Amino acid sequence: MVRRVAVIGAGAGGLASVKSCLDEGLEPTCFESSEDIGGVWRYTDSTGHRRVSVYGSVISNTSKEMSCFSDFPFPEGFPSYLPHSLVLEYFRMYAQHFDLLQHIRFQTTVVSVRKRLDFTSSGQWEVVTEAGGVRESHIFDAVMVCTGHYQEPYLPLASFPGIESRFQGQQLHSREYRDVQAFRGKRVLVVGIGNTGGDLSVELSRVAAKVFLCTRSNTWVVSRVSDQGFPLDMVNTTRFNHLLEWLLPSALARRIKFRKFNSRFNHTNYGLASSKSSKFKVIVNEELPFCLLSGTVVLKPNVKEFTESSAVFEDGTTEENIDVVLFATGYNFSFPFLEESVRSPIHDNRSLYNCVFPPQLEKSTLAIIGLVQLTGSVMVGAEMQARWVAGVFAGWNKLPPPSRMMAEVLKRKPPVKRNPHERENLKMNFIGYVDKIAACAGVKPSVLRLLLTDPRLALAIFFGPCSPYQFRLVGRGRWSGARAAILSQWQRTLQPLRTRVLGDSSSSSPGWCWMCLLALPAALTAAFLFSKHPQPGWSPWA
């Protein structure tokens, strides 16, 4: 019987885990090594500690309506895309509203988490913590690890001959970046074109003598601002679009997607991506295309080698007098506090059942929260994981036997990589993954059932944004304000823009109601066909 739960980390996942445990009548104790909540979103000027934080100018890539906790919307006056200060303020409001701070022990580092000798029968863990130089041992019935995947900088120096032995300039990881001042007037090479690499290249181009951005990936660049000025994720992340993508042949769906990407600018002309490539990544950046067009950022292929002051690229070109190499190459996760027998089998989230539970344990009383990459908000995914896990610990949600969980994990075992230095893209579809966990937790809404009982809400759920409030309509943790939050989300999106109101009448939503009337027959037909020929493991309707 699980009662006492240790939660490690007080970022977004840790806060959601504490609240989920309280909702299920459990007794959580959260250990946070720093002095405050917020995780990576709590910005600090200092880089002299191990804690990873965002850089000073960061703006969220997902909008507030698609990134909030499912029963606690962002304030109406907050902008759709948020600086780190407002994200942290929101976390404080959430923690205060649900009285979470009393369950958090700050400046307390978890030193070790080990199975007790009677683990096979009790499932209990011994957790050793350290605060103020004093170590303390605790016994917990279950543990939720909420340290995320932004932990250890990934520096693939072996892939760049000469960077350590010959290059005389400065080299650093993006974790050490805080602002542009140290790069003024310098020639900077940014390695890696993820969201961070794109952001930093644009920011540095305003003060650096020259910025070079090198990549080996096919990369599509999209804007946060979508049709009619609405947030991109609110327009694109819908159950209707998800169903279409599932129904269409993958080659056709990819062709439609690439055509949409190229509608803003031709990515092949910019050297970013080819529509013939099956492997690609998508980043969010409004300014990078203009920087490339104006020459303030120059795109280059992968680096072949470094000399004392230059970078030689795989196409044979050379850029001289490089002052700084900035690696925007991401992070590795690590759980140094877990005992070796538990830690070593976890290579990535594919080693976990549903990206959460280590399947090799005799008792499923350890859960990893937030070790997932999604096409939408990771915060929403982490909260859904926390709700599911808390329900498992409380006995409401059931897990398959360990043998079945292990079999599911082995199905996802990665193939042998052709290039050992190439990192795999483990990003999963947002709706597909969150729906899967919501179904496990018994909180996934049924569009067909709602069509019969509340047609207006059903259409909003199916054709509108797949916002987190949908997962508070049914099941445990149901929130009475969920329906109103769904039907008013477009108004909350526009409210911060009402600082100068014009007399013209304008739509408060992207006009999907007309699309609903046109597409509803096709959607119902698809539902009928699916019910006659269901596919195992997924349904957009159930």
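Residue numbering note: each chain is counted from 1, following its sequence as written. The predicted origin of the model limits local features to residues at a pLDDT of at least 70 and limits the giving and counting of side-chain atom pairs to 80 or more, whereas totals for whole chains, interfaces and linings rest on all residues. Side-chain metrics in this entry use all non-hydrogen atoms of the structure; hydrogen atoms and water are not considered.

For the chain, the name recorded in an unreviewed UniProt entry is Flavin-containing monooxygenase 1, with Pycnonotus jocosus as its organism. UniProt positions are given in the numbering used here, feature names are shortened, and annotations may be inferred rather than shown by experiment. Check the Sequence similarities (unreviewed entry) section of the UniProt entry for the chain; it says "Belongs to the FMO family." What the UniProt record of the chain gives under Cofactor (unreviewed entry) is the line "FAD".

When its secondary structure is counted, the chain shows 18 helices and 20 strands. Only C-alpha atoms enter the radius of gyration, while the globule expectation follows 2.2 Å times N to the 0.38, with N the number of residues. Relative to the compact-globule value of 24 Å for 542 residues, the chain shows a C-alpha radius of gyration of 24 Å, a close match. Seen through its principal axes, the chain has C-alpha atoms that stretch 65 × 65 × 50 Å. Looking at the 542 residues of the chain, the share that counts as buried comes to 52%. Here, residues are in contact when the closest pair of their heavy atoms is within 4.5 Å. Taking the intrachain contacts of the chain between residues at least 6 apart in sequence as the baseline, contacts between residues at least 24 apart amount to 68%. Reported accessibility uses the Shrake-Rupley method at a 1.4 Å probe radius. Residues are deemed covered only where the shown protein chains occlude them. Surface accessibility of the chain: about 25000 Å² in total, with carbon and sulfur atoms responsible for 53%. The charge count includes Lys and Arg as positive and Asp and Glu as negative, but it does not include His or the ends of the chains. Where a charge sits is defined by one atom per residue type, namely NZ (Lys), CZ (Arg), CG (Asp) or CD (Glu). Each charge sign in the chain was given a centre, from 60 positive and 46 negative side chains, and these centres are 7 Å apart. Numbering of helices and strands runs from the N terminus, with a helix taken as a DSSP run of H or I at least four residues long and a strand as a DSSP run of E at least two residues long. To sort residues, take the accessible area from a 1.4 Å probe on protein chains only and compare it with the maximum for the residue type: under 20% means buried, over 50% means exposed, and anything in between is partly exposed.

Think of two packed helices as two axes; the pair is described by the angle between the axes and how far apart they sit. Structural elements are reduced to axes, namely lines fitted to C-alpha atoms, with helices fitted over the stretch in contact, and the angle between N-to-C directions of any two is expressed from 0 to 180 degrees. Here helix α11 (residues 378–394) crosses helix α13 (residues 430–441) at 15 degrees, and the two axes come no closer than 9 Å. As far as their axial angle goes, α13 and α11 are roughly parallel. With respect to the hand of their crossing, α11 and α13 are arranged in left-handed fashion. On α13, the residues that touch Val380, Gly381, Met384, Gln385 and Trp388 of α11 are Phe430, Tyr433, Val434, Ile437, Ala438, Cys440 and Ala441. Of the residues belonging to the contact of α11 with α13, the class tally is 10 nonpolar, two polar and no charged. Note on angle classes: values under 35 degrees are labelled roughly parallel, values over 145 roughly antiparallel, values of 65 to 115 roughly perpendicular, and the remainder oblique. Crossing handedness follows the turn of the near helix against the far one: under a right angle anticlockwise gives a left-handed crossing, and clockwise gives a right-handed one. Residues were grouped as follows: Ala, Val, Leu, Ile, Met, Phe, Trp, Tyr, Cys and Pro as nonpolar; Asp, Glu, Lys and Arg as charged; and all remaining residues, including Gly, as polar.

A few words on the sheet that holds strand β4 (residues 109–115). Strand pairing is assigned whenever DSSP identifies at least 2 bridges connecting the two strands. Taken together, three strands build an open sheet; the order of strands is β4-β5-β6 and the sheet is antiparallel. Each edge of the open sheet carries a strand with a single partner, namely β4 and β6 (134–140). Averaged over all pairs of adjacent strands, the angle between strand axes in this sheet comes to 20 degrees, irrespective of strand direction. Relative to β6, strand β5 (residues 125–131) runs antiparallel, the two sharing seven bridges. By the bridge assignment for β6, Ala131 is matched with Val134.

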